[in-house]
Amino acid sequence: MTTGSSTGRHRLAYLPYLIPGLLLFTGVIGVPFLMNTGTSFTEWAGVGTPTWVGLDNYRELATDGEFWASFRHNALVIVGMAILPTMIGLVLASVLTDLIDRHFGPRAASALRACIYLPQVLPIVIAGIVWSWLLAPENGAVNVLLGAIGLGSLAHDWLGDPATALWSVMGVMVWIQIGFPLVIFMSGLQRVDPSLYEAAEIDGASWAQRFWYVTIPQIRPEIFVVLLWTTIAALKAFPHIFVLTRGGPGGATNVPSYYSYVHFFEKTDVGYGSAIATVLTLTVIALTIVFLRLQGRELGEER
Amino acid sequence: MIKRVTGAALLAVLAAGSQTLVACGRSDNGEPGGKELRVWHYEAPESGMGVAWNEAIKEFEATHPGVKVKLELKGFEQIQKTAPMIVNSNSAPDVMEYNKGNATAGLLSKQGLLEEITPEVKKRGWDKLLSPSVQVVAKYDDKGIMGGDKWYGVPTYAEYLQVYYNKDLFKKHDVQVPTTFDEFTKVLDAFVAKGITPLANGGAEYMAQQYVYQLALDKADEPWVNAFQRYTGKTDFTDPAWTYAATTFADWVTKGYIAKSSVSTKGEDAGVAFMSGKFPMMFSGNWWFGRVAKEAKFDWDTFVWPGAKMTLGSGGNLWVVPKGSKNKQLAYDFIDITLQKKIQNILGNAGGVPVAADSSAITEPRAKKLVDGFNTFAQSNGLAYYPDWPAPGFYDQWVSQTQKLMNGDSPQSVLSGLQKTYDSGLPK
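As the structure is a computational prediction, the values presented were derived from the model and not from experiment.

Residue and element names in this part refer to chain B. As summarised here, the arrangement of the 5 strands in space is β2-β1-β3-β12-β6, forming an open sheet in which the pairing is mixed. Across the chains shown, the open sheet's two edge strands, defined by having one partner strand only, are β2 (68–73) and β6 (154–155). Summarising the sheet, strand β1 (residues 36–41) and strand β3 (residues 95–98) pair through 2 bridges and their orientation is parallel. Following the sheet pairing, Val-39 is matched in β3 by Val-95. Across the sheet, helix α15 (residues 328–338) is in contact with β1, β3, β6 and β12 (318–320); its angle to β1 comes to roughly 55°.

Here you go:
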């Protein structure tokens, strides 16, 4: 009895330490989210008194082709910001740890890691502006380079053609994003017992086999974290679109976060913008729960 | 996550930011006894307006001993996006440059956030200085629609579009300045025949839509403009003027008058390309005038759109006095100074379009031509405003639809997209 109560007290002892975080969460995320959800049931120009319209904004959203198109674009953005960088980051981390580090030393591996991480340090807006110059139809470096190597016929208005605009934006996203998974995976690989690789090598495993049977299973928790983090970032992708295309050409690169911004600040239709933001937030929360569950199940099985 | 909560969160953060500004403003102000006039605007210091208003500040301080002007330079978008919150807070400046039009000044006037200055306008005679077509953007009705009966702002400059041309390229290719639309088309053909794209364009921003609107204006009249801009009648995007405009613009892209590769080009880049001598012509506003004069390395001049009886243009953005201004009388004094002939002449000679200048005092030849061109349109009610004004968010829709037009979508589908946004933005 005494033991139980003291254990209970012991268990509750950490609660005061959660208060600052809870207060911050309530003030910065909880209350604004509830306010945003409340606004989504109104028609409001951002000033004056909001008019209650119930579920009208959501009904309109359900039939809004541009909104659904923006979500479809977001699926490709997830490929560009989460899936491809994770895959490339995995391969690069393995190459840097398993090959470069072992054959050329940790300094060479660190230098290469820093180079690949560099785009992460640049503000996205700056990176976006630089890429919009590189991809410019007239005198942009990409088209000039294609011309210089005899492939001038491929020169293109990369961001102006609906067939290539989203792919071009995705290319920029991959370039910006790779550094993040790389550093996480490399640090994950630090804790992998080198004897595993040695044993595999003695058994005659090729690099590809070591990558598949040692690297990936060993850093599965990191892969989950990276995928979760980058997928949420992809759903929130805004500055890339704002700087590079502003949703164009003709809505071809529109994503929900930008679409929401347009309704907030361009159309002064704050109620509708809030509805988009609410749907997006709920999507992010749902996705996070799914990821965490999958991760929990995965780790549970391992134990 | 924080970003995604967006909306209300952003508004809340901005509101909190404005409260901080309030605190700063109070401590800066010391006592609110009219010791400081807080002015916000977004004109570049080297522009005609920037030069003239700096002079006005000096004049104001000289004529109001003990009062200091605290000028804060903002960005156009910064004021466009945050004005409702700023004006609705205690941190509102005393006088602020604000965007004209139904979705901006009109919206705030309807919400009661701007001071109605009609008595002051009459008392100081500002209504006598401004031509009726310039006044339209300063006056709003109870629904916030421009051209109403109550003054909520005062423009001290104006703007309109004209064709900037590279005289050196015209001379080199033996091309004459066109005076009719047919001659204009022949000039365009002549450049295309030489492998030169004749018109600079930026499809990712305002330029493409302004070509389309000008083409529509070539087939339109004043009631058509009023119906479109001021809802005095029904606007039908399948009418002959809009159909001609969209079809002709698409045709111009096909013929190479406008580069298809300019879909993703921004206005700034198009202007820079013109100033670097890449394109012989650029159809754009007098806001480029000062920069072209400073940066173009070739001989250049301007002409109005050949054959146009109406063109894009209006009174400039407005001086408004927020309801929360603590020094309204000082604000009116300052506006009054910016309308004085001396300041207006400085504005004109620095490449702006003054609204109350002494035209004989504008001595720079190209500036004089610019002002004379404007006066001609203003006096014949030929200022047709801008295509994105009638509906909130219409600007983005115009960008999107003209990009589609350049990428080969049919004029009918593009016009139908515009109709949808226009109709949904009509005042309820």
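Here we take up unusual backbone geometry. All names here are of chain A. That bond from Gly-248 to Pro-249 is cis: its omega, -5°, falls within 30 degrees of zero. Along the chain, Pro-249 turns up in the loop between α13 (239–244) and α14 (256–266). With a phi angle near 65°, Asn-139 is a residue other than glycine that sits in the positive phi range. Take Asn-139: it is sitting in the loop between α6 (124–134) and α7 (141–148). Taking the relative accessible area as the measure of exposure, Asn-139 reaches 65% and is therefore exposed. The backbone phi angle of Arg-246 is positive, close to 50°, even though this residue is not glycine. Within the secondary structure, Arg-246 sits in the loop between α13 and α14. Its relative accessible area of 27% is what places Arg-246 among the partly exposed residues.

Residue and element names in this part refer to chain A. Judged by side-chain polarity, Leu-122, Val-125, Ile-126, Ile-129, Val-130, Trp-133 and Trp-175 come together as a nonpolar surface patch covering roughly 610 Å² of accessible area. Take the nonpolar patch: its biggest share by element is 5 residues, from α6. Mapping Trp-133 onto the fold places it in helix α6. The exposed category is assigned to Trp-133, whose relative accessible area is 56%.

We now examine the environment of Gln-162 of chain B. Residue and element names in this part refer to chain B. Take Gln-162: it is sitting in strand β7 (residues 157–166). As for Gln-162 and Ala-208, which are separated by 46 residues in sequence, their C-alpha atoms are 14 Å apart. In contact with Gln-162, other than residues within four places in its own chain, are Met-282, Phe-283, Ser-284, Asn-286, Thr-302, Phe-303, Val-304 and Leu-370. Among the polar contacts listed, one links the side chain of Gln-162 to the side chain of Thr-302, at a separation of 3.3 Å.

This brings us to helix α9 (residues 179–190) of chain A. Between the first and last C-alpha of α9 of chain A there are 17 Å, a value that for 12 residues agrees with the 16 Å anticipated at 1.5 Å per step. Close packing links the buried residues of α9 of chain A with α4 (65–104), α5 (106–121), α8 (165–177), α10 (194–202), α11 (207–218) and α12 (220–235) of chain A.

Turning our eyes to something else, we now look at the packing of aromatic side chains. All names here are of chain B. Inspection of the entire model under this criterion finds 59 aromatic pairs over all chains. Each ring, one from Phe-181 and one from Phe-184, has its centre 6.3 Å from the other, and the planes form 70°; the classification is edge-to-face. Remark: Phe-184 and Phe-181 occur in helix α9 (residues 181–193); sequence separation between them is 3 residues, near one turn of the helix. Owing to a relative accessible area of 21%, Phe-181 belongs among the partly exposed residues under this scheme.

Calculation criteria
Residues numbered from 1 in each chain as written. Chains lettered and ligands numbered in written order. Predicted model: local features only at pLDDT ≥ 70, side-chain atom pairs only at ≥ 80, totals over all residues. Heavy atoms only, no water. Pairing = 2+ DSSP bridges. Helix = DSSP H or I, 4+ residues; strand = E, 2+ residues; numbered from the N terminus. Contact = heavy atoms within 4.5 Å. Axes fitted to C-alpha atoms, helices over the stretch in contact; angles between N-to-C directions. Buried < 20%, exposed > 50% of the residue type's maximum accessible area, 1.4 Å probe, protein only. Patch = residues over 30% accessible without salt bridge, like charges linked within 9 Å, V, L, I, M, F, W, Y side chains within 5 Å. Areas by Shrake-Rupley, 256 points an atom, 1.4 Å probe, with all protein chains shown as cover. Salt bridge = Lys/Arg side-chain N within 4 Å of Asp/Glu carboxyl O. Polar contact = N/O pair within 3.5 Å; in protein donor to acceptor, adjacent residues only side chain to side chain. Expected span 1.5 Å × (residues − 1). Phe/Tyr/Trp six-rings, centres within 6.5 Å; stacked < 30°, edge-to-face > 60°.

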